Amino acid sequence: MSGGASDLFGALPEPPLPDGMRLLRGYADSADLAPLLAAIAEAAPFRFMTTRGGARLAAAMTNCGDCGWVTDRRGYRYESRDPETAQPWPPMPVPMRSLAVAAAGEAGYPGYDPDTCLINRYAIGAGMGLHQDSDEAEFTSPVVSVSLGLPATFLVGGETRSTKPKPLAVVNGDVVVFGGLARLLFHGIRPVKVGHDARFGPFRYNLTFRRARA
Ligand code: SIN
Ligand code: FE2
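Residues numbered from 1 in each chain as written. Chains lettered and ligands numbered in written order. Predicted model: local features only at pLDDT ≥ 70, side-chain atom pairs only at ≥ 80, totals over all residues. Heavy atoms only, no water.

**Student:** An account of the coordination of the iron ion (ligand 2) is requested, with residue identities and associated values reported.
**Tutor:** Within the first shell, the iron ion (ligand 2) binds the protein through His131 (NE2), Asp133 (OD) and His187 (NE2), at distances of 2.1 to 2.2 Å. Sequence positions of the donors to the iron ion (ligand 2) reduce to the motif H-x1-D-x53-H. In this pair, His131 sits in strand S6 (residues 128-131) while His187 sits in strand S11 (residues 187-189), placing the two residues 56 residues apart along the sequence. With relative accessibility at 6%, the residue His187 sits in the buried group. (Donors = N, O, S within 2.8 Å, 3.2 Å for Na, K, Ca; no water. Helix = DSSP H or I, 4+ residues; strand = E, 2+ residues; numbered from the N terminus. Buried < 20%, exposed > 50% of the residue type's maximum accessible area, 1.4 Å probe, protein only.)

Given below as structure tokens:
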């Protein structure tokens, strides 16, 4: 395979990934995705959500699709409407959905039917602590995670929080698919380092496609 980090640094060996997880280097075209993201953010602006305990998440978030992931004093859940605007979340653009379906197929998960995409925006210094994606009604569908903008270190943990996570460098256009035995692995993002992306400026974006409702 070519593209992504391996071209920049001359065929760096890729670290072994857990069963069920695949990394598709440079699979997503950020030029195609950028205007779609901008239109979603226009209708459903990025916002900082809080946990049940009142802590503000470091990444700003929005969603598109039939439902969207939210958190506030009532905890983590999916909602059909954006609590900020009281409107339904913007629909998932067809090219975004097609990218996720194709990536899942490429990774060995045919027939993917995501109903939501959580969009995370990380400013420099923002990261995401180790967590499982476990607010969905079923775990038979994979998570498809698209990295855009500034590079980051994706932390690949184990089945429990106590497993020491392994670092995986992800750059603009990389897609990580985790399903099957990897679906409920702990994962996170190290604080994003200072940088400037030609298209996205001082930000990293992540699109996380999921099947949230059965
Ligand atoms: C997430 O786990 O929701 C986001 C992961 C990432 O930003 O790559
Ligand atoms: Fe996650």
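**Student:** Please set out the packing of helix H2 (residues 30-43) against helix H3 (residues 94-106) residue by residue, giving values where relevant.
**Tutor:** Here H2 crosses H3 at 120 degrees, and the two axes come no closer than 10 Å. By the criterion of interaxial angle, the relationship of H2 to H3 is oblique. For H2 against H3, the interelement crossing comes out left-handed. Contacts between H2 and H3 involve Leu33, Leu36 and Ile40 on the former and, on the latter, Pro95, Met96 and Leu99. For the contact of H2 with H3, the per-class residue count stands at 6 nonpolar, no polar and no charged. (Axes fitted to C-alpha atoms, helices over the stretch in contact; angles between N-to-C directions. Parallel < 35°, antiparallel > 145°, perpendicular 65-115°, else oblique. Left-handed = near helix turned anticlockwise from the far one by under 90°. Contact = heavy atoms within 4.5 Å. Nonpolar A, V, L, I, M, F, W, Y, C, P; charged D, E, K, R; others polar.)

**Student:** Give me the site of ligand 1: which residues, what numbers.
**Tutor:** Asn120, Tyr122, Met128, His131, Ser145, Phe154, His187, Ile189, Arg204, Asn206, Thr208 and Arg210 make up every residue found near ligand 1. A distance of 2.6 Å separates an oxygen atom of ligand 1 from a polar atom in the side chain of Tyr122. At 3.1 Å from an oxygen atom of ligand 1 is found a side-chain nitrogen or oxygen belonging to Asn206. Burial of ligand 1 by the protein amounts to 97% of the accessible area it has alone, namely 260 Å². For the shell around ligand 1, a count of residues per class yields 4 nonpolar, 6 polar and 2 charged. (Near = heavy atom within 4 Å. Polar contact = N/O pair within 3.5 Å; in protein donor to acceptor, adjacent residues only side chain to side chain. Areas by Shrake-Rupley, 256 points an atom, 1.4 Å probe, with all protein chains shown as cover.)

**Student:** Run through H2, naming residues and quoting values.
**Tutor:** Along its 14 residues, H2 runs 20 Å from first to last C-alpha, staying within 8% of the 20 Å computed at 1.5 Å per residue. For H2, the complete set of buried residues consists of Ser30, Leu33, Ala34, Leu36, Leu37 and Ile40. Looking at the packing, one finds that the buried side of H2 touches strand S2 (60-65), H3, strand S5 (116-123), strand S7 (143-149) and strand S12 (203-210). Taking the backbone nitrogen of Ala31 as reference, a side-chain oxygen 2.9 Å away marks Asp29 as the first, capping residue of H2. (Expected span 1.5 Å × (residues − 1).)

**Student:** Outline the pairing of strand S3 (residues 68-72), supporting the account with residue identities and numerical values.
**Tutor:** In terms of burial, S3 is largely enclosed, as 4 of its 5 residues are buried. Looking at chain direction, S3 and strand S4 (residues 75-79) are connected through 5 bridges and run antiparallel. Considered in S4, the bridge of Asp72 is made with Gly75. A loop of 2 residues connects S3 with S4, the two strands running antiparallel in sequence. (Pairing = 2+ DSSP bridges.)

**Student:** Quick rundown of the nonpolar core? Include the residues and the values.
**Tutor:** If you look at the biggest cluster of nonpolar residues, it comprises 30 residues, and the most contacted ones within it are Leu33, Met96, Val144, Val146, Leu207 and Phe209. Residues in contact with Val146, not counting those within four places in the same chain, are Ala28, Leu33, Leu99, Asp174, Val175, Tyr205, Asn206, Leu207 and Phe209. (Core = buried A, V, L, I, M, F, W, Y, C linked by side-chain atoms within 4.5 Å.)

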